[in-house]
Protein chains: 2
Amino acid sequence: MRNLGMPSYSQKQWLTQLQGSKYADGPVDVYNQNGRVLELEERVAALLNKPACLFFPKGTIAQFCALKVSAEQRRNNNVVLHSMSHMVLDEDDAYQTLLGLKGIPIGDHSSPFNMQDIAAITEKFATLSVELPIRRAGFKLTQWEQLEAMSQWCKTKQIHFHMDGARLWESTSHYQKSEADISALFDSVYVSLYKGLGAMGGAVLAGETNFIEQCKVWRSRLGGNSFTSFPMVIGALDGLDNRLKRIPEFVLRAKKIATLLKVFPQLEVNTPQTNGFFVFIEGDIDELTRKAIQLNEVMGIKLFNQLSPFPKSKKLMMEIQVGANHEAISDQEIIDYFTSLCR
Amino acid sequence: MRNLGMPSYSQKQWLTQLQGSKYADGPVDVYNQNGRVLELEERVAALLNKPACLFFPKGTIAQFCALKVSAEQRRNNNVVLHSMSHMVLDEDDAYQTLLGLKGIPIGDHSSPFNMQDIAAITEKFATLSVELPIRRAGFKLTQWEQLEAMSQWCKTKQIHFHMDGARLWESTSHYQKSEADISALFDSVYVSLYKGLGAMGGAVLAGETNFIEQCKVWRSRLGGNSFTSFPMVIGALDGLDNRLKRIPEFVLRAKKIATLLKVFPQLEVNTPQTNGFFVFIEGDIDELTRKAIQLNEVMGIKLFNQLSPFPKSKKLMMEIQVGANHEAISDQEIIDYFTSLCR
């Protein structure tokens, strides 16, 4: 099935892709030594213009390390983060139940928080975490001037400013800034190696040398020191070569699709800032879901994962993301799909 | 270089091996769904004769889940484990600093603990963990009768009996018992998918259905829910087909090599119970290390990783393990190697 979002490959397709890579030669990394892990870390460090980088097999583990080290350095376990952030909604409360941190969630279900929300916090805290964009709040980006103000404020208060940059690569177009320009505002930056970049998984954490050194022991404690990670590493290096430069095109296509969908009176369509956005529809969830599954099968395309209820409304929500194989689906097919769905 | 222990493959060699597998067809697993993860879990469950199994990308994470759930069930954070166990020595104290558990380490540097050691513990504890074999104490196995007694004792006291079975596959020959017979004594069993079995990494945790269910949320919290793990999964299924039945041969070869080395008056050689054992030598560590590295290069073979000081003695220790490509190194070469090293 043709997928508008992240392409789905079979095992064989993945293996063929890895075999064909120019990074397929050479020894495997063993517990993050000897293979191409260092090469990957150095390339990401250069892109983000940070002194040090560390590879992780999983993004959640990368962020755990950043939050934990920052908490240790300040002897304060409080973290300010968005109420719709990945850490709050998608990790079974690990940052609190596993790491012993305490979250101070701010911001509402459809927009980023700003300096005013932060200034209103009365408790002391060690870390301010900003997700770029906040997927669960509709892939919304914090305004640039707000990011600058937060960065400045954190410096004054000696608060650690952390970026959940799972979709940093997808955020540069909107800001019209480089990854390095955006990262410069933050003390630590987590970036994902799959999603937009197209690797098989994995993440990199960037920051000051001393900070990243302290993260190493936590990477080990959290089981982030894998026997080998080379399938992720090869894919990530390829992604930096070939996929990264295509990401602005994904954002443009998302904007194009949003424009097409705004014509439908039955749909409420957010304006994309990245390659992802929300579309809302009213109706019976079971009926619409049946219709969508049938359309997927008949047309052989997948435009969104599922319809789900949206908080504080009677609307149903579809999450649309644009990925590497988006050109395999035409604008006309998308129009036809929604024409049938809205009928 | 020919390696007596775990074979070391290049990236290309790994990829070729995966491409050639009969398990290379089909979809990838995505967050442990859809691919061959379930097939792997079911095969290990059958082998260990446990009602439920759960795949993990990393063994340490599998054990964390077992210990954490057991502690939660009993509202008691104390864990009794061997002072030379992997959890105590090789994980940067994660079970205490990350999981908030408290270790009660027993047993000395060269032998497993027994029922007498356990009965002497005055504190209440939730979990008794036994490593089979204890690698850092010389790959020593707990006596069968002791295991039976511990199992019985744990049942009476409602203590969770956990097996760190990183090398369970390598332990069956010594006991002359199946994996299922050994596992029957334990409430939960962790087994490794690499090392003897030859996958690219990964682990499985086995136990009662309810227990394994409760482990799932901790797997997610600990970042053990990977985007995809199919390279590990394919290798593990191949390992169960092809490697598992060869492991007793590795144990026999280890015994053979130990017999050869016992002839050297300069060496003190432990009798292997599994595919691994310790060899001791006296002398200057720098000089012997230089000699060993030179011999590796000249002869093109690697028999052990390094010489290291051994606790409470003036002896130096070599850890010898026998792996899948051991036949590429002849007995005569091993004799020649040690003849030169001892000269």
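The structure presented is a predicted model; accordingly, all values stated were derived computationally and were not measured. (Residues numbered from 1 in each chain as written. Chains lettered and ligands numbered in written order. Predicted model: local features only at pLDDT ≥ 70, side-chain atom pairs only at ≥ 80, totals over all residues. Heavy atoms only, no water.)

**Topic: the domain arrangement of chain A**
Residue and element names in this part refer to chain A. Considered domain by domain, chain A is made up of domain 1 (2-242) and domain 2 (246-342). On a C-alpha basis, the centroid separation for the pair domain 1 and domain 2 is 27 Å. Every contact between the two is made by 24 residues of domain 1 and, on the other side, 33 residues of domain 2. Summed over both partners, the interface of domain 1 with domain 2 comes to about 2400 Å²; 55% of that surface belongs to carbon and sulfur atoms. The largest contributions to the domain 1 side of the interface with domain 2 come from Arg-2, Leu-4 and Phe-139, which together make up 38% of the buried area. For the pair domain 1 and domain 2, the number of links is 2 salt bridges. The salt bridge partner of Glu-319 is Arg-135, with a shortest N-O separation of 2.8 Å. The interface formed by domain 1 and domain 2 holds 10 residue pairs in polar contact (both at pLDDT 80 or more) in total. At the level of secondary structure, the elements contributing two or more residues to the side of domain 1 that touches domain 2 comprise strand S1 (2-3) and helix H8 (172-175). Looking at the side of domain 1 that touches domain 2 residue by residue, the classes come out as 9 nonpolar, 9 polar and 6 charged. (Domains from an automatic or database assignment. Contact = heavy atoms within 4.5 Å. Buried area = accessible area lost by both parts, 1.4 Å probe. Salt bridge = Lys/Arg side-chain N within 4 Å of Asp/Glu carboxyl O. Polar contact = N/O pair within 3.5 Å; in protein donor to acceptor, adjacent residues only side chain to side chain. Helix = DSSP H or I, 4+ residues; strand = E, 2+ residues; numbered from the N terminus. Nonpolar A, V, L, I, M, F, W, Y, C, P; charged D, E, K, R; others polar.)

**Observations concerning the sheet that holds strand S13 (residues 316-321) of chain A**
Residue and element names in this part refer to chain A. In spatial order, the strands read S9-S10-S13-S12; together these 4 strands make up an open sheet with antiparallel pairing. Edge strands, defined here as strands with exactly one partner in the open sheet, are strand S9 (267-269) and strand S12 (308-309). Of the pairings in the sheet, the one linking S12 to S13 comprises 2 bridges and is antiparallel in character. Bridged to Ser-308 within S13 is Met-317. Against the sheet, helix H12 (residues 247-261) engages S9, strand S10 (276-281) and S13, with an angle of about 15° to S10. (Pairing = 2+ DSSP bridges. Axes fitted to C-alpha atoms, helices over the stretch in contact; angles between N-to-C directions.)

**Some details on the pattern of salt bridges**
This structure, assessed with the given rule, holds 24 salt bridges over all chains. Across the pair Glu-249 of chain A and Arg-246 of chain A runs a salt bridge whose closest N-O atoms are separated by 3.0 Å. The closest approach of N and O atoms between Arg-43 of chain B and Asp-241 of chain B, which form a salt bridge, is 2.9 Å. Here Asp-241 of chain B lies in helix H11 (residues 230-243) and Arg-43 of chain B lies in helix H2 (residues 37-48), a separation of 198 residues in the sequence.

**Here we look at the packing of helix H13 (residues 285-299) of chain A against helix H14 (residues 331-342) of chain A**
Residues and elements named next belong to chain A. Relative orientation of the contacting elements H13 and H14 amounts to 145°, with a least axis distance of 10 Å. Relative to H14, H13 is oriented so that their crossing is right-handed. The residues of H14 that touch H13, namely those facing Leu-288, Lys-291, Ala-292, Leu-295, Asn-296 and Met-299, are Glu-333, Asp-336, Tyr-337, Ser-340 and Leu-341. Residue classes in the contact of H13 with H14 are distributed as 6 nonpolar, 2 polar and 3 charged. (Left-handed = near helix turned anticlockwise from the far one by under 90°.)

**Observations concerning the packing of aromatic side chains**
Tallied over the entire structure, the rule returns 28 aromatic pairs over all chains. Measuring from centroid to centroid gives 6.2 Å for Phe-278 of chain B and Phe-280 of chain B, while their planes differ by 85°, and the two rings are edge-to-face. Judged by its relative accessible area of 1%, Phe-278 of chain B is buried. Taken together, Phe-139, Phe-278, Phe-280 and Phe-310 of chain A form an aromatic cluster joined through their ring pairs. Cation over ring: Lys-315 of chain A sits above Phe-280 of chain A, and NZ or CZ is 4.5 Å from the ring centre. Between the NZ or CZ atom of Arg-221 of chain B and the centre of the ring of Trp-218 of chain B, over which it lies, the distance is 4.5 Å. (Phe/Tyr/Trp six-rings, centres within 6.5 Å; stacked < 30°, edge-to-face > 60°. Buried < 20%, exposed > 50% of the residue type's maximum accessible area, 1.4 Å probe, protein only. Lys NZ or Arg CZ within 6 Å of the ring centre and 35° of its normal.)

**Describing the sheet that holds strand S2 (residues 52-56) of chain B**
Residues and elements named next belong to chain B. Across the sheet, which stays open at both edges, the 7 strands sit in the order S2-S8-S7-S6-S5-S3-S4 with mixed pairing between neighbours. Of all the strands in the sheet, just S2 and strand S4 (102-106) have a single pairing partner and so form its edges. In this sheet, neighbouring strand axes are inclined to one another by 20° on average, regardless of whether the strands run parallel or antiparallel. Bridge count between S2 and strand S8 (residues 203-207): 5 bridges; the pairing is antiparallel. Across the sheet, Ala-52 pairs through a bridge with Gly-207, a residue of S8. Running at roughly 20° to S2, helix H10 (residues 209-221) makes contact with S2, strand S6 (160-165), strand S7 (188-192) and S8 of the sheet.

**Quick notes on the relation of the copies chain A and chain B**
Expressed as a screw transformation, the operator carrying chain A onto chain B has a rotation angle of 180° and an axial translation of 0.0 Å, and the superposed copies differ by an RMSD of 0.0 Å. The transformation relating the two chain copies, once decomposed into turn and shift, fits a two-fold axis. Comparing contact sets, 100% of the residues at the interface of chain A also lie at the interface in chain B, consistent with an isologous, same-surface contact. (Least-squares fit on C-alpha atoms with pLDDT ≥ 70 in both.)

**Description of helix H3 (residues 59-74) of chain A**
The α-helix winds at 3.6 residues per turn, so residues separated by three or four positions along the chain end up facing the same way. Residues and elements named next belong to chain A. The end-to-end C-alpha distance of H3, which contains 16 residues, comes to 23 Å, matching closely the 22 Å that a straight helix rising 1.5 Å per residue would cover. Extensive coverage of H3 is indicated by the burial of 13 of its 16 residues. At the exit of H3 stands Arg-75, carrying a positive phi of roughly 45°. (Expected span 1.5 Å × (residues − 1).)

**Description of the packing of helix H1 (residues 11-19) of chain A against helix H1 (residues 11-19) of chain B**
The N-to-C vectors of H1 of chain A and H1 of chain B enclose an angle of 155°; their axes lie 10 Å apart at closest approach. Comparing their axes, H1 of chain B and H1 of chain A come out roughly antiparallel. Note on packing geometry: the crossing formed by H1 of chain A with H1 of chain B is left-handed. Here Lys-12, Leu-15, Thr-16, Leu-18 and Gln-19 of chain A of H1 of chain A come into contact with H1 of chain B, specifically with Lys-12, Leu-15, Thr-16, Leu-18 and Gln-19 of chain B. Looking at the contact of H1 of chain A with H1 of chain B residue by residue, the classes come out as 4 nonpolar, 4 polar and 2 charged. (Parallel < 35°, antiparallel > 145°, perpendicular 65-115°, else oblique.)

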